[in-house]
Amino acid sequence: MNKEGINPYQIALKQLEEVAEKIDLDSGMHEILKHPKRELTVSIPVKMDDGKIKVFTGYRVQHNVTRGPAKGGIRYHPQVTLDEVKALAMWMTWKCAVVGIPYGGAKGGVVCDPKKMSSGELERLTRRYTSEIIIIIGPECDIPAPDVYTNPQIMAWIMDTYSTNRGHSVPGVVTGKPLAIGGSEGREEATARGCVYTIENAAKHLEIDMREATVVVQGYGNAGSVAAKLLHQEGCKIIAVSDSQGGAYNPKGIDSLKILDYKRKTGSVKAYKEAEFISNKELLELECDILVPAALESQITKENADRIKAKIIAEAANGPITPEADKVLSEKEIFIIPDILANAGGVTVSYFEWVQGLQAYFWSEREVNLKLRDIMSKAFNNVLRLSLEKKVDMRTAALMLAVSRVAEATRIRGLYP
Ligand code: NAD
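Residues numbered from 1 in each chain as written. Predicted model: local features only at pLDDT ≥ 70, side-chain atom pairs only at ≥ 80, totals over all residues. Heavy atoms only, no water.

**Q** Go over the packing of aromatic side chains, please, and point to the residues and values.
**A** Counted by the stated rule, this structure contains seven aromatic pairs. For the ring pair Tyr-103 and Tyr-351, a centre distance of 5.7 Å and an interplane angle of 85 degrees mean the geometry is edge-to-face. Within this pair, whereas Tyr-103 is found in the loop between helix H3 (82-98) and strand S4 (104-111), its partner Tyr-351 is found in helix H12 (residues 345-359), the two being separated by 248 residues in sequence. When sorted by exposure, Tyr-103 lands in the same class as Tyr-351, which is buried. The structure contains a cluster of three or more aromatic residues connected by ring pairs, namely Tyr-103, Tyr-351, Phe-352, Trp-354 and Trp-363. Its guanidinium or amino end placed over the ring of Tyr-103, Lys-71 lies 6.0 Å from that ring's centre, counting from NZ or CZ. Above the plane of the ring of Trp-363 lies Lys-371, whose end atom (NZ or CZ) is 4.5 Å from the centre. (Phe/Tyr/Trp six-rings, centres within 6.5 Å; stacked < 30°, edge-to-face > 60°. Helix = DSSP H or I, 4+ residues; strand = E, 2+ residues; numbered from the N terminus. Buried < 20%, exposed > 50% of the residue type's maximum accessible area, 1.4 Å probe, protein only. Lys NZ or Arg CZ within 6 Å of the ring centre and 35° of its normal.)

Here you go:
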């Protein structure tokens, strides 16, 4: 259970059940897709700075590898549970399938509080966790990446530990690495950039002029601040942004870069002088054309769903809308770009990074962004077409497309033995 008392794995299973019915999925196939292929739980003994030994618990779950190697981030958080990792691994399978990249789904996590650990402790934890899961990861079978509270430095330690064990450099074992050791141009902005490409397509479909659109962004971290910057460049008016401490609101518009600079200096956007303070709760309920939740899960719930006034919601974050809220928003005909589509730009450029690493041939940022635009626009239009044809919302259509692709690959490969 997470802190809202919701078990994410039960949500993932329920979603699969609903979609299975809609696409008339064979019951045996449904049974296969319900179960993760592999779950590994490891104990990670770490010598802490005070000389004492602490044992952490870590997980790596591979949900499905039918369409290619397993792919998914590693999360360091005190509330990580096996069920959360299982749910996130399943969502990764659907995310890779919906954008048509040749990967299956995985996720990893370590129960720890990285904010209370030194850099040395984090390095020792990462290296020992890597060596405990080394039996199932590798460039051909399972490729980790950053997730909540893990970053390029942590990816570099994973790459180094894996490479040292193999006796040569293996850049393809992780993505989200620093550029100096085989990272990709454009990876840092990829999630937000991919999200903005889907918003452009949605605006075109709904006949909303981006140059006159108003935007609200919840969460001003990597995904949120870059999305605000790119939407600002498109001519949209950013009227409110927030972080964990509160928000800033100015109906005349906020300069996305100036406020980022302010956040870097002061730690928060909340007291930005060219705007008035607004709480996160009020911010979500503002009248706007485009709302981008880019913070945490379960932000729009059955409590506030009927007060949401946005025309488009683009889920840069994973799971910001609860299933009950989804139904309310759907009745209000709010156009939702679901997380497995809206934030798939990150894993797409991770795929580019892996391809570049395997070929030892690196592309320019322009080339990365052009290829990303192609993949995101194609995926958006495939989902939109299915949603109109089957008269279902975009989330259901995205899941229908993804589950059908994984099921088709499984059927064609057949069951061993
Ligand atoms: P981040 O840590 O860089 O930023 C998160 C931001 O949210 C911070 O500004 C934080 O202050 C803010 N925040 C935290 N709690 C909040 C609250 N209650 N209300 C408002 N703001 C709050 O993280 P990120 O990488 O930008 O990820 C954000 C979301 O996007 C997560 O759900 C993540 O899973 C998802 N996502 C990120 C990527 C990626 O490549 N970065 C890819 C796919 C999905």
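**Q** So what about the pattern of salt bridges? Which residues, and what values?
**A** All chains considered together, the criterion is met by 28 salt bridges. In this structure, the salt-bridge partner of Arg-128 is Glu-132, at a minimum N-O distance of 2.8 Å. Taken together, the positions of Arg-128 and Glu-132, both in helix H4 (residues 119-133) and four residues apart, correspond to about one turn of that helix. Using a relative accessible area of 36% as the deciding quantity, one classes Arg-128 as partly exposed. When the shortest N-O distance is used, the salt bridge between Arg-211 and Asp-209 registers 3.3 Å. Its relative accessible area of 62% is what places Arg-211 among the exposed residues. Owing to a relative accessible area of 30%, Asp-209 belongs among the partly exposed residues under this scheme. Taken together, the salt bridges that share partners define one network made up of Arg-75, Glu-84, Lys-107 and Asp-147. (Salt bridge = Lys/Arg side-chain N within 4 Å of Asp/Glu carboxyl O.)

**Q** Break down the nonpolar core for me, with residues and values.
**A** Within the largest apolar cluster, 92 residues are counted, with the highest numbers of intra-cluster contacts made by Leu-33, Trp-94, Ile-199, Leu-231 and Ile-337. Counting residues per element, this core draws most heavily on helix H14 (residues 394-413), at ten residues. Summarising the domain contributions, this core has at least three residues from each of domain 1 (8-168) and domain 2 (190-337). If we skip the residues at most four places from it in the chain, Ile-199 touches Met-210, Leu-231, Ile-290, Val-292, Ala-314 and Ile-337. Within the second largest apolar cluster, 27 residues are counted, among which are Ile-74, Tyr-76, Leu-122 and Ile-137. (Core = buried A, V, L, I, M, F, W, Y, C linked by side-chain atoms within 4.5 Å. Domains from an automatic or database assignment. Contact = heavy atoms within 4.5 Å.)

**Q** Account for the sheet that holds strand S8 (residues 246-249), naming residues and giving values.
**A** Pairing between sheet strands relies on hydrogen bonds along the backbone, with the strands arranged either parallel or antiparallel. Strand order in the open sheet formed by seven strands is S9-S8-S7-S6-S10-S11-S12, and the pairing between neighbours is mixed. Looking at the sheet topology across the chains shown, the edges are occupied by strand S9 (276-278) and strand S12 (335-337). For this sheet the average axis-to-axis angle between neighbouring strands, irrespective of direction, equals 20 degrees. Inspection of the sheet shows S8 paired to S9 by three bridges, in the antiparallel sense. Within the sheet, the bridge partner assigned to Ala-248 lies in S9 and is Phe-277. (Pairing = 2+ DSSP bridges. Axes fitted to C-alpha atoms, helices over the stretch in contact; angles between N-to-C directions.)

Just distances and angles here, no functional claims.
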